[in-house]
Protein chains: 2
Amino acid sequence: MTAVAGVAMANEPISPIAPVKEINLAQVELGKKLYFDPRLSKSGFISCNSCHNLSMGGTDNLKTSIGHNWQQGPINAPTVLNSSMNLAQFWDGRAADLKEQAGGPIANPGEMASTHTLAIDVIKSIPQYVVEFKQVFGDSEINIDRVTEAIAEFEKTLITPNSRFDQWLLGDKDAITATELEGYQLFKTSGCVACHNGPAVGGSSFQKMGVVEPYKATSPAEGLAAVTGKDADRFMFKVPTLRNVEMTYPYFHDGEAETLTEAVDIMGRLQLGKKFTDEENAKIVAFLKTLTGDQPSFLMPILPPSTDSTPRPQPFD
Amino acid sequence: MTAVAGVAMANEPISPIAPVKEINLAQVELGKKLYFDPRLSKSGFISCNSCHNLSMGGTDNLKTSIGHNWQQGPINAPTVLNSSMNLAQFWDGRAADLKEQAGGPIANPGEMASTHTLAIDVIKSIPQYVVEFKQVFGDSEINIDRVTEAIAEFEKTLITPNSRFDQWLLGDKDAITATELEGYQLFKTSGCVACHNGPAVGGSSFQKMGVVEPYKATSPAEGLAAVTGKDADRFMFKVPTLRNVEMTYPYFHDGEAETLTEAVDIMGRLQLGKKFTDEENAKIVAFLKTLTGDQPSFLMPILPPSTDSTPRPQPFD
């Protein structure tokens, strides 16, 4: 069976999610607390988990996110699940890796609306955090570099192995149904795998939204052009992972596609010049739902309390 | 030792937290999901856990809470921890029990801003919830009564036994320091225990805020008078539990006291006509910090995904 599985994997454009290796467990535990700590926001109300909710596929399941003072965000929150496999972070790839990404929302006035200085002041005022940073990093220095490093280390553990599709890739031919397998064949023969491939079924390239037909966007998001300044990069977005896509609705960078059916239809027409029949669409959707893996399982973290000297949240200023 | 502990407990106005008995575990698991599910709010962003955050002592640690559309709430969110021991729910006691309480915020336009009808429609559209309700309640009926019953059952598990003070009550005389014990003696001899007693160290009566000196409130909250309509009940609030009080800052129904030191000072002067010295205050605060118990420990729940027919959140309408 192992040999068969090996052959099957080698021939498929999608590969199973590999186990996490070389992880710093002490950093993971610290990073988990920080990920759930709303004191990293100005209001004391918004944490990383608010928009990348680990109960909900690592997203907020909103078209665009809610930020400080209920500001409407400009873009759909991408899932944090399996995000360590992305070639870059954010839809426009403006952060090279998870560590660089983690610093962004904390100081973004439209998201957590704090500053790195204030966030560090908060953490430094909490003795249990001070001790934990020393345990994890070996000395008492606390800075944004270490905060984001710990959060990123936690995020590296947020992978979702063991989906039915991965079981199939690994040799269990009964793990998916005949319809789901037909959906996968369509997914391959129609060209979806050209971009949605690898262990994350995406995340490995930037592609133009609207190749065959233009994408009629209401969102002002420009994609990679906002980073490079090149007009040619307009509407170039990071291809999202399709892992757990059943849970990460709504879809696209602007969240305009509410259902998988709608997303598959639009992708087929705009990217591939192909109008899927209802039956084909349903088969592809059935396949996509086999990509839901084991969700991260961990004890809800308990956060160390603030002290008399901790800067207070300012939700209404 | 058992005999000694028995004697000690019988003589003390505070009793240890007793284990939970007669709990419906299937309801607890369903209630846990509902407690964490922001789809019970209109925005899809606010869950029970948003303001009664189980990572943070069952509170939001804000002066007053943030509701739908970032509305500023009128009152400090009381902790959900050990709330099953309260004689009634809400600061003004307007709900008789946890089940009645749970329905309030869902439909409160300033909090979760949904309606019971909409919340039930959302749940009914999610097949995994439908199956779980049937498993738990024996038939396929889903209504607000069952939703709040399940949430309340989960909340009954949110007790915090094994605090150092409870260990002391149970006979371990080394569980608290000499200073903490002196603080407890002061807490008793000064009269604090008249209201803060029993297993929850509070929660068992309504008392007037400002007995000896009037409380100068900026908050419009009226307390029990808002429920009874009686002028005599103005500023009568439910005495809060002091369990985990180190974690449930800021203090009072209006959240105006930022630190325990400040809260102890104001309570002494206004309720007891007693100005504690700095040393006395510090001892009482030291005692209060021995009331932090084992926090609820459970796996972060994974929520069943919405379907194509699930009513979508409306955060910006």
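Basis of the calculations
- Residues numbered from 1 in each chain as written.
- Chains lettered and ligands numbered in written order.
- Predicted model: local features only at pLDDT ≥ 70, side-chain atom pairs only at ≥ 80, totals over all residues.
- Heavy atoms only, no water.
- Helix = DSSP H or I, 4+ residues; strand = E, 2+ residues; numbered from the N terminus.
- Rg over C-alpha atoms; globule rule 2.2 N^0.38 Å.
- Buried < 20%, exposed > 50% of the residue type's maximum accessible area, 1.4 Å probe, protein only.
- Least-squares fit on C-alpha atoms with pLDDT ≥ 70 in both.
- Contact = heavy atoms within 4.5 Å.
- Axes fitted to C-alpha atoms, helices over the stretch in contact; angles between N-to-C directions.
- Parallel < 35°, antiparallel > 145°, perpendicular 65-115°, else oblique.
- Left-handed = near helix turned anticlockwise from the far one by under 90°.
- Nonpolar A, V, L, I, M, F, W, Y, C, P; charged D, E, K, R; others polar.
- UniProt positions renumbered as here; feature names shortened; annotations may be inferred.

1. So, the overall build of chain A
Step number 1: A count of helices and strands for chain A gives 12 helices and 4 strands.
Step number 2: Against the 2.2 N^0.38 benchmark of 20 Å for 317 residues, chain A shows a C-alpha radius of gyration of 21 Å, consistent with a compact globule.
Step number 3: Taking the principal axes of the C-alpha coordinates as reference, chain A spans close to 65 × 50 × 30 Å.
Step number 4: Classification of the 317 residues of chain A by burial places 56% in the buried group.

2. Considering the relation of the copies chain B and chain A
Step number 1: You can overlay chain B on chain A at an RMSD of 0.0 Å; the transform is a turn of 180 degrees with a shift of 0.0 Å along its axis. Put plainly, the chains are arranged around a two-fold axis. It is B:Leu299 whose C-alpha, among those of chain B, lies nearest the rotation axis, at 2.2 Å.
Step number 2: Comparing contact sets, 100% of the residues at the interface of chain B also lie at the interface in chain A, consistent with an isologous, same-surface contact.

3. Observations regarding the packing of helix α2 (residues 25-36) of chain A against helix α6 (residues 127-137) of chain A
Residues and elements named next belong to chain A.
Step number 1: Between α2 and α6, the shortest axis-to-axis distance is 9 Å and the interhelical angle comes to 150 degrees. Taken together, α2 and α6 sit at an angle that is classed as roughly antiparallel. Where α2 crosses over α6, the two elements pack in a sense that is left-handed. On α6, the residues touching Ala26, Gln27, Glu29, Leu30, Lys33 and Leu34 of α2 are Tyr129, Glu132, Phe133, Val136 and Phe137.
Step number 2: Per-class residue counts for the contact of α2 with α6 are 7 nonpolar, 1 polar and 3 charged.

4. As for the UniProt feature "binding site: heme c 1" (unreviewed entry) in chain A
Step number 1: Under the local residue numbering, the UniProt record ascribes the feature "binding site: heme c 1" (unreviewed entry) to A:Cys48, A:Cys51, A:His52 and A:His68.
Step number 2: Of note, A:His68 is situated in the loop between β1 (66-67) and β2 (71-72).
Step number 3: Looking at A:His68, the relative accessible area reads 7%, which means it is buried.
Step number 4: If we ignore the near neighbours within four places in the chain, the residues touching A:His68 are A:Lys42, A:Ser43, A:Ile46, A:Pro109, A:Gly110, A:Glu111, A:Ala113, A:Gln314, A:Pro315 and B:Trp70.

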